[in-house]
Amino acid sequence: MPKHSLPIRVAGSIFSGGGLGDVGIEWGCGIPVITACELLPSRAALIRKNFPQTQVFEGDIWNLKKDYIDWFREKLSGKPPWLISLSPPCQGMSSNGAGRISSAIRCGKRPREDQRNRLILPGIEVLEALKPDWFVLENVRRMENTIIRNEMNHPENILDCIGRRLLPLGYTLRSSILDFRNLGVPHHRERLVTIGCRIPKVVSQFAPIKQIFSKETSPLHPAKTHGGTNQPPWVSLRQSIGDFPPLDAQNNCVDAVDPYHCVPHWNDQQYFWMKHTPEGQTAFDNSICLTCGREKQSKEQITCGSCNHPLPVPQVKKAGKLRLVKGFRSSYRRMWWDKPAGTLTMNSGVISSDLKGHPDQNRVLSLREIMKLSTLDDGRWRQRFDFSGIPLGKWDETGAFSPRLVREVIGESIPPLAMKRIVDHLVGLEGLYR
Ligand SMILES: C[S@@+](CC[C@H](N)C(=O)[O-])C[C@H]1O[C@@H](n2cnc3c(N)ncnc32)[C@H](O)[C@@H]1O
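The residue numbering used here restarts from 1 in each chain and proceeds along that chain's sequence as written. At least 70 in pLDDT is required for a residue's local features to be given in this predicted model, at least 80 for side-chain atom pairs to be given and counted, and no such filter applies to totals for whole chains, interfaces and linings, which use all residues. Excluded from the side-chain calculation are hydrogens and water; included are all heavy atoms of the structure.

What follows is about the environment of Glu-138. Here Glu-138 lies in strand S5 (residues 134-140). Categorising residues by exposure relies on relative accessible area from a 1.4 Å probe, with only protein chains included: less than 20% of the type maximum marks a residue as buried, more than 50% marks it as exposed, and the intermediate range marks it as partly exposed. Overall, Glu-138 belongs to the buried group, its relative accessible area being 5%. Through-space distance from the C-alpha of Glu-138 to that of Met-419 is 9.7 Å; in sequence the pair is 281 residues apart. With sequence-adjacent residues up to four places away left out, Glu-138 is seen in contact with Leu-86, Ser-87, Pro-88, Arg-191, Leu-192, Val-193 and Ile-414. Here the side chain of Glu-138 touches Ser-87 through a polar contact of 2.8 Å, side chain to side chain. The helix count covers DSSP runs of H or I at least four residues long, the strand count covers runs of E at least two residues long, and both are numbered beginning at the N terminus. Residue contacts follow a heavy-atom distance rule, with two residues in contact if any of their heavy atoms lie within 4.5 Å. Here a polar contact is taken to be a pair of N or O atoms separated by no more than 3.5 Å, where protein atoms must pair a possible hydrogen donor with a possible acceptor and residues adjacent in sequence count only if both atoms sit in side chains.

This next bit is on the packing of aromatic side chains. Pairing of aromatic side chains here covers Phe, Tyr and the six-membered ring of Trp, requires ring centres within 6.5 Å, and sorts the geometry by plane angle: under 30 degrees stacked, over 60 edge-to-face, intermediate tilted. Here the structure, examined in full by the defined rule, presents 12 aromatic pairs. Ring geometry for Tyr-260 and Phe-401: centres 3.8 Å apart, planes at 10°, overall stacked. Taken together, the residues Tyr-260 in the loop between helix H8 (237-241) and helix H9 (268-275) and Phe-401 in the loop between helix H10 (367-373) and helix H11 (403-411) connect sequence positions 141 residues apart. Accessibility classification places Tyr-260 together with Phe-401 in one group, the buried group. Among the aromatic residues, ring-to-ring pairing joins Trp-27, Phe-51, Phe-385 and Phe-387 into one connected group. Should the NZ of a Lys or the CZ of an Arg lie within 6 Å of a ring centre and within 35 degrees of the ring normal, that charge is described as sitting over the ring. Over the ring of Tyr-171 we find Arg-198; its NZ or CZ atom is 5.8 Å from the centre of that ring. Here the basic side chain of Lys-339 rests over the ring of Trp-336, its NZ or CZ set 3.9 Å away from the ring centre.

In this section: the environment of Leu-76. As for its position among the elements, Leu-76 is in the loop between helix H3 (61-75) and strand S4 (83-86). Residue classification places Leu-76 among the buried residues on the basis of a relative accessible area of 9%. In this structure, the C-alpha to C-alpha distance between Leu-76 and Leu-6, residues 70 residues apart in sequence, is 8.5 Å. In contact with Leu-76, not counting residues within four places along its chain, are Leu-6, Val-10, Ile-34 and Pro-81.

Moving on to the packing of helix H2 (residues 41-50) against H11. To get an axis, a line is fitted to the C-alpha atoms, and for a helix only the part in contact is used. The angle between two axes follows their N-to-C directions and goes from 0 to 180 degrees. Running from N to C, H2 and H11 cross one another at 85°; their axes reach a closest spacing of 11 Å. In terms of orientation, H2 lies roughly perpendicular with respect to H11. For the pair H2 and H11, contact is made by Ser-42, Arg-43 and Leu-46 and by Leu-405, Glu-408 and Val-409, respectively. In this classification, the charged set is Asp, Glu, Lys and Arg, the nonpolar set is Ala, Val, Leu, Ile, Met, Phe, Trp, Tyr, Cys and Pro, and all remaining amino acids, among them Gly, are polar. Within the contact of H2 with H11, the residues separate by chemical class into three nonpolar, one polar and two charged. Angle categories are assigned with fixed cut-offs, so that under 35 degrees is roughly parallel, over 145 is roughly antiparallel, 65 to 115 is roughly perpendicular, and the rest are oblique.

A few words now on the site of the ligand. Near the ligand, the surroundings consist of 20 residues, among which Glu-38, Arg-43, Asp-60, Ile-61 and Ser-87 are the closest. For the ligand, an oxygen atom lies 3.3 Å from a polar atom in the backbone of Leu-20. Using the Shrake-Rupley algorithm and a 1.4 Å probe, accessible areas are obtained, with residue cover drawn only from the displayed protein chains. Against a free-state accessible area of 610 Å², the protein chains account for coverage of 91% of the ligand. For each structure, a 1 Å grid was placed over the protein atoms alone; sets of points admitting a 1.4 Å probe that cannot get out are labelled cavities, open sets with protein on both sides within 12 Å along at least five of seven lines are labelled pockets, and lining residues have an atom within 4 Å of a point. A cavity or pocket is said to hold a molecule if more than half of that molecule's atoms lie within 2 Å of its grid points. If you map the ligand onto the pockets, it falls in the largest pocket. Looking at the shell around the ligand residue by residue, the classes come out as eight nonpolar, eight polar and four charged. Residues are counted as near a molecule or strand when any one of their heavy atoms sits within 4 Å of it.

Let us now look at the environment of Pro-245. Looking at the element boundaries, Pro-245 is found in the loop between H8 and H9. Put simply, Pro-245 and Lys-318 are 73 residues apart on the chain and 38 Å apart in space, counted from C-alpha to C-alpha. With near-sequence residues (within four places) excluded, Pro-245 lies in contact with Asp-255, His-261 and Arg-363.

Among the structural elements, Ser-413 can be located in the loop between H11 and helix H12 (416-432). When residues no more than four places from it in sequence are discounted, the contact partners of Ser-413 are Leu-20 and Arg-189.

Backbone geometry at Phe-15 places phi at a positive 55°, although glycine is not the residue there. Tracing the backbone shows Phe-15 in the loop between strand S1 (11-14) and helix H1 (20-29). Its relative accessible area of 14% is what places Phe-15 among the buried residues.

A few words now on the sheet that holds strand S3 (residues 55-58). One open sheet accounts for seven strands, arranged S3-S2-S1-S4-S5-S9-S8; its pairing is mixed. Looking at the sheet topology across the chains shown, the edges are occupied by S3 and strand S8 (172-179). Recorded for the sheet is a direction-independent mean angle of 15° between the axes of neighbouring strands. Examined bridge by bridge, S1 and S4 share four bridges and lie parallel to one another. Across the sheet, residue Ile-14 finds its bridge partner in S4, namely Leu-86. Running over the sheet, H2 touches strand S2 (33-38) and S3 and is turned about 175° from S3. Along the sheet, helix H5 (residues 120-130) contacts S1, S4 and S5; its crossing angle with S4, the most-contacted strand, is approximately 180°. Here a strand pair is declared whenever DSSP counts at least two bridges between the two strands.

No statement about biological role is implied by the geometric values presented.
Below, the structure is given as structure tokens:
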């Protein structure tokens, strides 16, 4: 896009994934995301494919931050971008982990730390250099308690670090947990969303504070649209995918018409355990013997105490002996038709992961279903997101796309509808206080 034709509001993203958050900003709010930065080649290729105008920096932000900043400065002739969105892959931390890191640093030792938690540092450097009017930082909800080794090698809470570096630049900052079900997203996803603004009229309305985290949703964050009094209820699985054609993890893994409506195959054992698991329940709680009808006596039991037939509970052979699978009771579990879907993770195709079973068909959710539940493919955007032709692992049966890529980028994304609602709210605030 030539400089003179740039709209008033332009955005950039860092840690852009496959660009799903960017769908909400660009296709949803009409604000072009003119540059992105992503480490993984398959995801960078996905952004290029769906946003051919976007300048994609492919690689590690530690190495690319200068190029990213220089490119933006040149493109905007030194003016600040309107928005930068960042989703650094911070893992979040329990207070135990935080204490261990702090004490190692205080003893002068290099702590055993998850390097991903330090990726916020180059992110902050980009914000310091470009000073966007707004930024939206999205992360796991436990980030609020995360201690990192900061740029001076000192232990510091990640939100304190953001405040220490950005408040002096004129930002007002607020950090709250958003449950995206409350914004009309039909699956459960809670994220810590930190919003910064340095537009003077907005800053004077929402004065800078040091404790940027609040349990209540801050006024910089969008208010809930679903699930409250006098509001529509959360969007359920039934409303979202209730009309999809049936599939089966052994006998009908791919829809005849839509290759994206496809699921992985289950082996005989998985199929047996899940076939006898009711909606909302886990196979671990199956307690009736299918041969003699007797109830099991103990939780650990894997064969019937009366007739010795196997019970439909998850079991493995270890050292020649069958035993109950060690796992969380949230695994091998079916979702509920009348609730939003469980959190869509990178493992949405794996039944041994948390809450992944279809409510009443013997299978996990298909790619088409997770595309709809993530709000990427629910008919509201100006075009269809295209996964075709980008390799990652095995191709689908038609050789057109990678099922793994679809599951991974959706599992790591901010749902486009949630991003749209957040950014619409910022546009609205700016209009109110202009
Ligand atoms: C949580 S995902 C972001 C998803 C994105 N917001 C979306 O909606 O699709 C974080 C992304 O950061 C990328 N990433 C990890 N380390 C990085 C690095 N050092 N430099 C640039 N990107 C990185 C990961 O590959 C991943 O795609």
